[in-house]
Amino acid sequence: MSESVKVAVRVRPFNQREKQRNAKLIIDMNGATTYIQNPDNPSQPAHKFTFDFSYWSHDGYSETEDGVLEPDTDKYASQRRVFDDLGQGVLDNAFKGFNCSLFAYGQTGSGKSYSMVGYGANRGIVPITCDELFKKIMSSEETGVRYEITFSMLEIYNEQVRDLLSKKNPKGGLKIRQNPSQGMFYVPDLRKVPVASYEEIEKRMSEGTNNRTVASTNMNATSSRAHTVVTVVFSQVYGEAGDASARKKTSVINLVDLAGSERADSTGATGDRLKEGANINQSLSTLGKVISLLAEGQKTIPYRESALTKLLKNALGGNSKTVMIAALSPADINHDETLGTLRYADRAKQIKTKATVNENPLDKLIRELKAENEKLKAQLGPGGPSQPISSAIDPEAEQRLRAEIENEMREKLLANQYQLREANTDFEDQLRNARAEISDEEERLLQVKRKRQLVPHFLNLNADLQLSRVVEHFLPEGKTVVSRLSRNRSPAAVQDENEWSEEILLEGISILHNHCQLENKENEVCLTALAANADTKVNGTPLVGCRVLMHNDRVVFGTNHYMVFINPMNMSMSANSPDLVDWQYAQQEIAEQRGLVVKSGEHILSKEEQVFHDQVVDLLPMVNEVNAISEELNKYKTFEIVVVPVEATYGKKKRDATTLPVVMMRDLLNGNCWLWQYGTFLNRRYMIQELYQRWVDGEVMDAQTIPQEDDPFWEPPEPILVGTACVYLQSLAYGMDFQDKLALSDYHNVEQGSIAVAVEPCNADSSALDDDFFVEDPDQLMGKPFHFKVCVDQVSVTKQRFSLGLHVEYRVYGEDTSITTHTVHDTLDAKFDHSHQVSLDVLDKEHLHYFDDGCIMFHVYAHQSNLPPDLGKSLMTTTELRKAERMQMQYGSSSNEARPFTAVTHRSQEYLQQMRSELVVLRSRVNLLSRKEKRIQTLVEQWAMKPKTEQSFRPFHRAVNAAVFSTGSRLRTIAKTVGATLQVQKFTSEKSRGSVSDISDHEREESGTAAAVASTSESPLSADASAGSDVAGFSPTRSASTSRMTAADVQNIDKGATQQQQAASPPPRKVQSSQVCVLQ
């Protein structure tokens, strides 16, 4: 009877990085139901998923003195509870004779390893299951049964299978074969170690972890991208060997910790031309395909496409009871990956498997296997397979068919021989040999434990906590040399030839044959480089001369051997060294020394700066690694981290802006450059690792001869970003033009040229607005259509290599694609005369916010070509060229080009650009208002110089209002003051002559409004006014600003008129040009 795969999900607490970013919780659970909220749309209903189990391990716990996490609430799921729900079922089914599989899925850092293996006192499912297995055996009262248990541990990395219980693995990894009869895949040369107690399994797991650490360090393999499979074969044998009634019930228990499930599109690898070429992506992508097809009920399943799916065929679609646990990150910054994990798990629960009890009579099984083997050997004798082939097919097809039949027979023969070997193995003999091996290892470990307390030593550091501090290198009295492990070189030979008493042999990139020397004199250890190019760092800085090491100092040998120095006899530490050193701290320290990130405590990082910081720390060791491989393979490429503002690419607003570190690959021979986003670089790095490993193994003799289409170091020429310039858009909110020549700054904030641009409001037909058009309050634009043009006039660059072709790209708010100008060739001064109109049907608050807080980033690109290499440089090696560049940057005249600028520096440049844009806008406003002011000054002076009998108020009032219509509030207030004063004068003069009744109601209204305004208005204009236009030149149209009146205004009219009537009316006086003529 088939049954569905049992699926559980588990959410972990915030990690330290998420706490520093003030991450928000997006996961909630209620019973078996899990909810995930989209942080970008919190008003939308949360996505809902239901599984067999939803484990809440985010909070609601406390830590005991032993370090065990105990629940404080019923909601919290402890390690024990997870085992009781999932692991206990695996154990029970194993005793019944069913195959069982349990695998953990999720992105890197989501808590897979914690659930599967655990940390410290909080053991995971794997160790608890193994422990409970032996407890159940010991408590069993069943008689006449013998238990045989074997343990194996393998890792799949880069589509290669490595035995973690063996220190040596063949080139290309272990072979995976298929049993044609059963359809299942197996690894015939995988070591299976007999065990008789949980303690023995624990020691074997420790051995496997140690071997995994050494191998991953030497290969610089990324543990988060490797799949680990622990297999426990549990057999219950009834009867004695040779007894015809003897039978064997076997359960194969697979416990699988899958690699991180980061999506390629989220990391930016989707655009890489070699994306599908990297083996590192193959296993998980194939697993996803297999799960989807199984969930849909498809019959043809591509198990053969990857090593992982071959080994998981039983677990996913065959004879197995299968459990999957999906690990979830609770943080909003991982929303997309977490949602992808939930959907993945939701599909997995639709898979059905059909498990059967694996029980066979021993003698009958052996007899059948032997008989079938003899039959197969006879068929594979001279002449090949004896089965008749139809005469209807052509000879070539017949030959292919015979080859397929022969291959299947050979595979079947090998599978039978493997089963016979397993069946005929004397378990007790193997167990005695394994225990003797463990005994020797225990003695060695005991000695190591004693030496750790007495002898200075190094401990390894690894990004995976499980692989950190498990490998030690001791430094006894005397001299110790750090050397490169070579297949043709033994430590004894080196010790005979030199004065060194000990040797630390390291394998990997940038390790020299005689790399450096460590001298221990009375527990004081001095480190000295043995060659000028020996790449060694101490506490983040390159080693110079002799350096006395202090307790907890961080030392990096070559590219990927990160270690911490432990001196149990002298615990004095260097200044600012932490009490606990881990991989993350060592990486951060190097990034700080390189100037790529801000030193801890010097600056409070914003959320976007923290993201930038973490990305740089992650990229730095990878970039160092590919540079070292480029030198060893002499590929004439160099790599560096450069900084791109996200808003430059996506047009985001400043408040959402962050900086994006990307990797630039540069050709050392012709200067061509390429930019790789994080995902693309990660993909290429894996392929570069593959190439390097093939070169080390001798499969590739000359890395220069690789076809370009398969070379991860090769890219066709593509336009490279020369520099960027930013235009902020405050001018649009006031209906004003922005025109300026802006500097083009590259990734290092070095000026590479200039760009002349303009952003201009316009009419719908692209015609220019009136010169006097001005918006006093941006809200006046609301609800109306708005049009503006983006113009690119000219680009000037400084370097001749950019002259092949120049074009400009930019993105405007609301547009899905970038706007690209035409390309101008063969010039350093490119004239574009480009114009692009943007039309907004109805301006709303979001548009105004974009004007006020947004920007347009102009990218200037230069075209590249396959230029011939510099002949002088071609005679040098990659190592020599990179060293020459470093010396030039160190001693050259331009220090700016030696170091990428940090997120904080970039933020300063961003603010500088914004202030420049605001300054241009303010100058434009001042110029416009100054012109208006001069015109009003002229009007006032002309009116004041006229005889009193010719001082006609109404034309003057209309002229002043026309002059200031749609200008700033200050000038409008001044205009109203002038008008109000004149209105009041006329009104009071007429009233004093007794002719008030002759004044029209309209004039009374105007004079009263003016009086009200005059009573609250400010006074003078600036002192630098000059002559303006004549009154007759203005339109007699009445300004809308003088016709707005409320009931309160009417009361103020009468009150103001009465006050002016009672006051004395002195004659007007002539004022200087810097003043306004005010009548009192």
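Parameters and conventions
For every chain, the first residue of its written sequence is number 1, and the numbers climb from 1 along that sequence. Given that the model is predicted, a residue must reach a pLDDT of at least 70 before its local features are reported, and side-chain atom pairs must reach 80 or more before they are shown or counted; all residues, however, enter totals for whole chains, interfaces and linings. Heavy atoms from the whole structure form the basis of all side-chain values; hydrogens and water molecules are not counted. Note on conventions: DSSP H or I runs of at least 4 residues are helices, E runs of at least 2 residues are strands, and numbering of each starts at the N terminus. The rule is simple: take the accessible area with a 1.4 Å probe, protein chains only, and divide by the maximum for that residue type; under 20% is buried, over 50% is exposed, in between is partly exposed. In this analysis, two residues are considered to be in contact whenever any of their non-hydrogen atoms come within 4.5 Å of each other. Computed by Shrake-Rupley with a 1.4 Å probe, the accessible areas treat only the displayed protein chains as cover when residues are assessed. Here, a strand pair is defined by DSSP locating no fewer than two bridges between the strands. Axis geometry follows a simple rule: fit a line to the C-alpha atoms, using only the stretch in contact for helices, then measure angles between N-to-C directions, giving values from 0 to 180 degrees. Only a pair of cysteine sulfur atoms within 2.5 Å counts as a disulfide in this structure description. How far a helix is expected to stretch is found by multiplying one less than its residue total by 1.5 Å. Take a side-chain nitrogen of Lys or Arg and a carboxyl oxygen of Asp or Glu: if they are within 4 Å of each other, that pair is a salt bridge. By nonpolar core we mean a set of buried residues, namely Ala, Val, Leu, Ile, Met, Phe, Trp, Tyr and Cys, connected to one another through side-chain atoms within 4.5 Å.

Colleague: When you look at the overall build of the chain in this model, what are you seeing that I'm missing?
Modeller: The helix and strand inventory of the chain stands at 27 helices and 44 strands. Evaluated residue by residue, the chain yields a buried proportion of 50% over its 1080 residues. Sequence-distant contacts in the chain: of pairs separated by 6 or more residues, those separated by 24 or more amount to 70%. Surface accessibility of the chain: about 51,100 Å² in total, with carbon and sulfur atoms responsible for 49%.

Colleague: Whenever I open this one, the sheet that holds strand β27 (residues 524-529) confuses me. Can you help?
Modeller: Strand order in the open sheet made by the 5 strands is β25-β24-β26-β27-β30, with mixed pairing throughout. This sheet does not close on itself; its edge strands, each paired only once, are β25 (502-506) and β30 (546-548). Neighbour-to-neighbour, the strand axes of the sheet open up by a mean angle of 20 degrees, direction not taken into account. Pairing of strand β24 (residues 478-484) with β25 involves 5 bridges; the strand directions are parallel. In the strand pairing of β25, Arg484 is matched with Leu506.

Colleague: Hey, could you run me through the state of the cysteines in this one?
Modeller: A disulfide bridge is the covalent bond that connects two cysteines by way of their sulfur atoms. Inspection of every chain in the model, using the stated rule, returns 1 disulfide. Disulfide pairing places Cys526 opposite Cys546 at an S-S distance of 1.6 Å. Residue Cys526 is located in strand β27, and its partner Cys546 is located in strand β30; the two are separated by 20 residues in the primary sequence. By relative accessible area, Cys526 is classed as buried at 13%.

Colleague: Quick question: what am I supposed to make of helix α2 (residues 79-96) here?
Modeller: Count 3.6 residues to each turn of an α-helix, and residues three or four apart come out pointing the same way. Its 18 residues give α2 an end-to-end C-alpha distance of 25 Å, which sits within 8% of 26 Å, the value for a rise of 1.5 Å per residue. When α2 is considered as a whole, its buried residues turn out to be Gln79, Val82, Phe83, Leu86, Gly87, Val90, Leu91, Asn93, Ala94 and Phe95. Two residues or fewer after α2 comes Gly97, characterised by a positive phi angle close to 100 degrees.

Colleague: What is the right way to look at the pattern of salt bridges in this model?
Modeller: Pairs can form between side chains of opposite charge whenever their charged atoms are close. Taken as a whole and assessed by the stated rule, the structure comprises 34 salt bridges. When the shortest N-O distance is used, the salt bridge between Glu155 and Arg162 registers 2.2 Å. A relative accessible area of 8% places Arg162 in the buried class. As a salt-bridge pair, Glu885 and Arg666 come within 2.8 Å of each other at their nearest N and O atoms. Here Arg666 lies in strand β34 (residues 659-667) and Glu885 lies in helix α22 (residues 878-891), a separation of 219 residues in the sequence. Within this structure, Arg80, Asp84, Arg123, Asp131, Glu132 and Lys135 form a network of salt bridges that share partners.

Colleague: Explain the nonpolar core here, please?
Modeller: As a rule of thumb, soluble globular proteins bury nonpolar side chains together. Judged by nonpolar contacts, the single largest core of 49 residues is most densely connected at Ile755, Phe788, Val795, Leu806, Phe851 and Phe858. Broken down by element, the residue count for this core peaks at 6 residues, all from strand β39 (residues 786-797). If near-sequence neighbours (up to four positions away) are discounted, Phe851 is found in contact with Leu729, Gln730, Leu732, Ala733, Phe786, Phe788, Leu840 and Leu843. By size, the runner-up hydrophobic cluster in this structure holds 45 residues, among which are Val11, Met29, Leu339 and Ile351.

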